[in-house]
Amino acid sequence: LLRSNFMGSSGINAEYGVVFADWYNGPLVKHIKFYDENTKQWVVLQGGGANIPALNKLLASWDIVLSDKVWYGKFGIGPHGMEYASGTSLLSFPADGRVFYTTLTDEATEMIHNKEVIVREVPVFGLHHMRHSSIAVYGDSSCIDNAGHVTPCFWLLEETLDMINRRSFSFSTGIDEKLSPWVQSSFRHPKLASTPLFSKYSRVVQPAAEGGQVFRSQKVCPVFPAVESRDFNDTYPIGQLNNKLLSLNSDNQPVDFVLMEETEDENSMKLFYILGFITFLMVLVVCFFLYFMFSFFHKKRIILYRVRTRRRV
């Protein structure tokens, strides 16, 4: 999550920025694959939870680097329960910044080598204040999206913005946890895995003619001109339906206009009533015709009955 003016035309020029990252591990990307019964082929991941190598290039101006580790686990920050679904950790951070450490499980090692490794003092959140700007980084974005059933952490975003606004490293009242000074970790830099189909599905890069990848041309958001508002008087006496009415604009100048003609909905209602009346007349005529035919044949039966009776007598 970055502020709209996070990046300037001459580089990074931000008032503040908040980053919710995710995991990326080259060996794990190659390890996770499944056999598709429909295509009869092995399907290999083309990317991780986030493009950490590209994100590290963005954060390099602040000396912030994210690692290739994949962590999961549960912990608490004050009264709030946190769930780290699959996230990364900080590899490098400014010395004058502050970091939150917790205990997590190495998910990449567990999935590749089938071995559970629990590590203490994993840096998952960092906050750094500069002269005119601030930046905060959290290693997992699962708690702020709707992709999985993870405990929401929108409160952390609010707390981060509050600390940035106060230019402080302390949480608000009610949270006893404190951010600690940064201690250099021994994790590795993430490297892009050789995924040949990555550019096919990516919206950022595309395959180049001479090999490799190039950036796609990004679409420019359309800019629509603002429509000038105009006040008008939509109340009028019944006897003046066909007359021009007088209205005042924002400059209190009279503006003449003619009432709009009947709308399509009004015409449809009129047509509906006319068709209903015609249908009613047709039903009435049919009823009279049936009544006449019934009376005619009934009288004819009575006459025939009398004639037969007289003949017998």
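Scroll up for the structure.
Keep in mind that what you see is a predicted model, and the values were worked out from it rather than measured. (Residues numbered from 1 in each chain as written. Predicted model: local features only at pLDDT ≥ 70, side-chain atom pairs only at ≥ 80, totals over all residues. Heavy atoms only, no water.)

1. Comments concerning the state of the cysteines
- Considering all chains together, one arrives at one disulfide under this definition.
- Paired through a disulfide, C143 and C153 show a sulfur-sulfur distance of 1.9 Å. Since a negative S-S torsion denotes a left-handed disulfide, the C143-C153 link at about 50° is right-handed. With C143 in the loop between β12 (134-138) and α4 (154-166) and C153 in the loop between β12 and α4, this residue pair connects regions lying 10 residues apart in the sequence. Exposure class is identical for C143 and C153. Each is buried. (Disulfide = S-S within 2.5 Å. Helix = DSSP H or I, 4+ residues; strand = E, 2+ residues; numbered from the N terminus. Buried < 20%, exposed > 50% of the residue type's maximum accessible area, 1.4 Å probe, protein only.)

2. Considering the side chain of D106
- Here D106 lies in strand β10 (residues 98-106).
- For D106, a relative accessible area of 3% puts it in the buried group.
- There is a polar contact of 3.0 Å between the side chain of D106 and the side chain of K69.
- Looking at D106, its side chain comes within polar contact range of the side chain of T109, at 2.8 Å.
- Dropping the residues within four chain positions of it, D106 is found in contact with K69, V70, W71 and V117. (Polar contact = N/O pair within 3.5 Å; in protein donor to acceptor, adjacent residues only side chain to side chain. Contact = heavy atoms within 4.5 Å.)

3. Thoughts on the packing of aromatic side chains
- Counted according to the given criterion, the structure contains seven aromatic pairs.
- Ring centres of F93 and W182 lie 6.2 Å apart, and the angle between their planes is 50°; this geometry places the pair in the tilted category. Here the residue F93 occupies a position in the loop between β9 (90-92) and β10, and W182 occupies one in the loop between β13 (180-181) and α5 (198-201), the gap between them amounting to 89 residues.
- Here F93 falls in the buried class, since its relative accessible area comes to 4%.
- Here F125 and Y138 contribute two aromatic rings whose centre-to-centre distance is 6.4 Å and whose plane-to-plane angle is 55°, an arrangement assigned as tilted. Of this pair, F125 sits in strand β11 (residues 118-129) while Y138 sits in strand β12; the two residues are 13 residues apart in sequence, bridging distant segments of the chain. Just as F125 is buried, Y138 falls in that class too.
- Chaining the aromatic ring pairs together yields one cluster made of F20, F75, Y84, F100, F125 and Y138. (Phe/Tyr/Trp six-rings, centres within 6.5 Å; stacked < 30°, edge-to-face > 60°.)

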